[in-house]
Amino acid sequence: MGILANHVPSIEQLKPGLIEVIEESGSSKQFFLSGGFAVINPGSVLSINAVEGYSLDHFSSEAVKSQIAEAQKIVGGNGSAQDIAEAHIELEVRREQSEVRMPGWQGG
C-alpha cells in the first residue's frame, strides 16, 4: 500500500511486516511493525498506531530464530490457554520478521 499526497482519508489494518517511511527530503527509513492501524487523515497526514515497532537494526536473524523456537515449544506444550494464544501471536510476528530482507540480513 502506498500513500501519496491528497490520499482519500481512511483507516487500514496493518499486519505484521515491514513499512518504509519516505520523508519530504527523499530519505527513507524502514521499520518492522507487529501490526496495528494506519489512519490517513485529510491534509495528507498519516498516523501509524502499533503495539511494537522497531528499526531493522534492532533485531537479528539469530534472535528471531530463537524466539520462533521458544514460541513453538509453548504452542506444543502444556501451557495455559493464554500462554498458548500468546505464543501463536508471537509465532505469526516472528515468522514475518524472518521473511524481512535487507542488506546484511540473514533471515529465515
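Details of the structure are given in the entry above.
No experiment lies behind these values; they were computed from the predicted model shown.

Asks: Would you explain the environment of I22 in this entry?
Replies: Along the chain, I22 falls in strand β2 (residues 17–22). Counting along the chain gives 64 residues from I22 to E86, while the straight-line C-alpha distance between them is 33 Å. Once you skip the residues sitting within four places of it in the chain, I22 turns out to touch S27 and S28.

Asks: How should I be thinking about the nonpolar core in this particular structure?
Replies: It is characteristic of soluble globular proteins that their nonpolar side chains tend to be buried jointly. By size, the foremost hydrophobic cluster in this structure holds 10 residues: F32, L56, F59, V64, I68, A71, A87, L91, V93 and V100. At the level of elements, α1 (61–75) and α2 (81–98) are the ones that each hand at least two residues to this core. The residues touching F32, leaving out its near neighbours within four places in the chain, are P16, G17, L18, E52, G53, Y54, L56, F59, V93, E96, Q97 and V100.

Asks: Is there a simple way to think about the sheet that holds strand β6 (residues 53–55) in this case?
Replies: Paired through backbone hydrogen bonds, the strands of a sheet run either parallel or antiparallel to each other. Strand order in this open sheet of 3 strands is β2-β3-β6, and the pairing throughout is antiparallel. Every interior strand has two partners, whereas the edge strands, β2 and β6, have only one. For this sheet, the mean inter-axis angle between neighbouring strands, taken without regard to orientation, is 35°.

Asks: Explanation requested: the packing of α1 against α2 in the structure shown.
Replies: Relative orientation and spacing of two packed helices are given, respectively, by the angle between their axes and the distance between those axes. Two numbers describe how α1 lies on α2: the axes approach to 8 Å, and their chain directions differ by 150°. Put simply, α1 runs roughly antiparallel to α2. Handedness of the crossing formed by α1 with α2: left-handed. Two secondary-structure elements touch here, α1 through V64, Q67, I68, A71, Q72, I74 and V75 and α2 through D83, I84, A87, H88, E90, L91, R94, R95, Q97 and S98. Class assignment of the residues belonging to the contact of α1 with α2 gives a composition of 8 nonpolar, 5 polar and 4 charged.

Asks: Whenever I open this one, the pattern of salt bridges confuses me. Can you help?
Replies: Opposite charge on two side chains makes pairing possible when the charged atoms of those side chains draw close. Scanning the model with the defined rule gives 2 salt bridges in all. We note a salt bridge from E23 to K29, for which the minimum N-O separation is 3.4 Å. With a relative accessible area of 43%, K29 lands in the partly exposed category. For E90, the salt bridge goes to R94, with nearest N and O atoms at 2.7 Å. Here R94 and E90 lie together in helix α2, a separation of 4 residues that amounts to about one turn. With a relative accessible area of 30%, E90 lands in the partly exposed category.

Basis of the calculations
Residues numbered from 1 in each chain as written. Predicted model: local features only at pLDDT ≥ 70, side-chain atom pairs only at ≥ 80, totals over all residues. Heavy atoms only, no water. Helix = DSSP H or I, 4+ residues; strand = E, 2+ residues; numbered from the N terminus. Contact = heavy atoms within 4.5 Å. Core = buried A, V, L, I, M, F, W, Y, C linked by side-chain atoms within 4.5 Å. Buried < 20%, exposed > 50% of the residue type's maximum accessible area, 1.4 Å probe, protein only. Pairing = 2+ DSSP bridges. Axes fitted to C-alpha atoms, helices over the stretch in contact; angles between N-to-C directions. Parallel < 35°, antiparallel > 145°, perpendicular 65-115°, else oblique. Left-handed = near helix turned anticlockwise from the far one by under 90°. Nonpolar A, V, L, I, M, F, W, Y, C, P; charged D, E, K, R; others polar. Salt bridge = Lys/Arg side-chain N within 4 Å of Asp/Glu carboxyl O.

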